[in-house]
Amino acid sequence: MTTIGIIGAGNIGSAFARILARNGIAATIANSRGPETLTSLTDELAPHIKAGTIEAAAQADIVLIAVPWSKLPSALAGLPNWNGRIVIDANNPIEAPLFKPADLNGRLSTEIVAGLVPGARVVKAFNHLLAALLTKDPHAEGGSRVLFYSGDDESAKAEVAALIEKLGFAGVDLGPISIGGRLAQFPGGPLPANNFVKFA
Ligand SMILES: NC(=O)c1ccc[n+]([C@@H]2O[C@H](COP(=O)([O-])OP(=O)(O)OC[C@H]3O[C@@H](n4cnc5c(N)ncnc54)[C@H](OP(=O)(O)O)[C@@H]3O)[C@@H](O)[C@H]2O)c1
């Protein structure tokens, strides 16, 4: 069985946990302060979602990372090689309270995240909607809410696409990171914050 980890238990990490739980899918979620600080979330989402350390969450087959941009290096430092496990990059290079875009030196944000998770197969997804909308029922307006994904490893993308569909969303493949990463990047890309719905 594919295991799922979540690093970051704020707006997006807990939204993803709620979506998994309502579909009966188990996951281990981690934050910076330790599993004991996540009891209200895990009580709400029992028995599917358990709290663990970052190291434990990072050992899963698929790991969604949702941590403020400036905290990513410290959150991911010291973890063992990812050995081909899948990382879903749900991060955007901008953060509260100033919402000043980070200086990426001409790189895509997902390329920078990939550099922090050596050996991982990175798929960018779950980053283009606000958490409040992401958490809502994806069967929306007579169709299915669209989630975009992009990545350079086709089999990793296929696994994330299957998860997206299982959760009730309509997945749209944007191609490799060099294309999809740009389209879905916030700020700068044309797709983020748009609520697309796919009709059968
Ligand atoms: N908010 C949205 O609607 C939204 C939408 C799309 C994408 N995003 C992106 O998703 C990411 C997370 O955003 P958010 O709004 O969910 O943030 P958030 O609510 O501030 O939550 C951040 C989470 O990251 C954890 N964290 C911080 N530093 C850490 C560290 N060094 N090690 C481990 N965990 C650490 C925090 O744990 P502690 O609380 O224990 O410190 C917290 O659980 C950002 O990159 C953001 O751009 C957000």
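Use the structure listed above.
Since we're looking at a predicted model, the values are computed, not measured.

Each helix and strand in the protein was counted, giving eight helices and 10 strands. Its C-alpha atoms give the protein a radius of gyration of 16 Å, within 12% of the compact-globule value 16 Å for 200 residues. Along the longest, intermediate and shortest principal axes, the C-alpha atoms of the protein span 40 × 40 × 35 Å. Per-residue burial over the protein gives 51% buried out of 200 residues. Long-range contacts, defined here as pairs at least 24 residues apart, represent 67% of the contacts in the protein between residues at least 6 apart. Carbon and sulfur atoms form 56% of the exposed surface of the protein, whose accessible area is close to 9,300 Å². One finds the centroid of the 16 positive side-chain charges in the protein at a distance of 3 Å from the centroid of its 17 negative side-chain charges.

Glancing now at the environment of Ala75. With respect to the secondary-structure elements, Ala75 resides in helix α4 (residues 72-76). Expressed as a C-alpha distance, the spacing of Ala75 and Val172, which sit 97 residues apart in the sequence, is 29 Å. The residues contacting Ala75, other than those within four sequence positions of it, are Ile54 and Val67.

Turning our attention to the pattern of salt bridges. When charged atoms on two side chains of opposite charge get close, those side chains can pair. Within the structure shown, the criterion is met by four salt bridges. For the salt bridge of Arg18 with Glu44, the shortest nitrogen-to-oxygen distance reads 2.7 Å. In this pair, Arg18 sits in helix α1 (residues 11-22) while Glu44 sits in helix α2 (residues 39-44), placing the two residues 26 residues apart along the sequence. On the basis of relative accessibility, which here comes to 28%, the residue Arg18 falls in the partly exposed class. For the salt bridge of Lys157 with Glu154, the shortest nitrogen-to-oxygen distance reads 3.6 Å. With a gap of three residues between them, Lys157 and Glu154 both fall in helix α7 (residues 154-166), about one helical turn apart. Glu154 sits in the exposed class, given a relative accessible area of 55%.

About the criteria used
- Residues numbered from 1 in each chain as written.
- Predicted model: local features only at pLDDT ≥ 70, side-chain atom pairs only at ≥ 80, totals over all residues.
- Heavy atoms only, no water.
- Helix = DSSP H or I, 4+ residues; strand = E, 2+ residues; numbered from the N terminus.
- Rg over C-alpha atoms; globule rule 2.2 N^0.38 Å.
- Buried < 20%, exposed > 50% of the residue type's maximum accessible area, 1.4 Å probe, protein only.
- Contact = heavy atoms within 4.5 Å.
- Areas by Shrake-Rupley, 256 points an atom, 1.4 Å probe, with all protein chains shown as cover.
- Lys, Arg positive; Asp, Glu negative; His and termini not counted.
- Charge placed at Lys NZ, Arg CZ, Asp CG, Glu CD.
- Salt bridge = Lys/Arg side-chain N within 4 Å of Asp/Glu carboxyl O.

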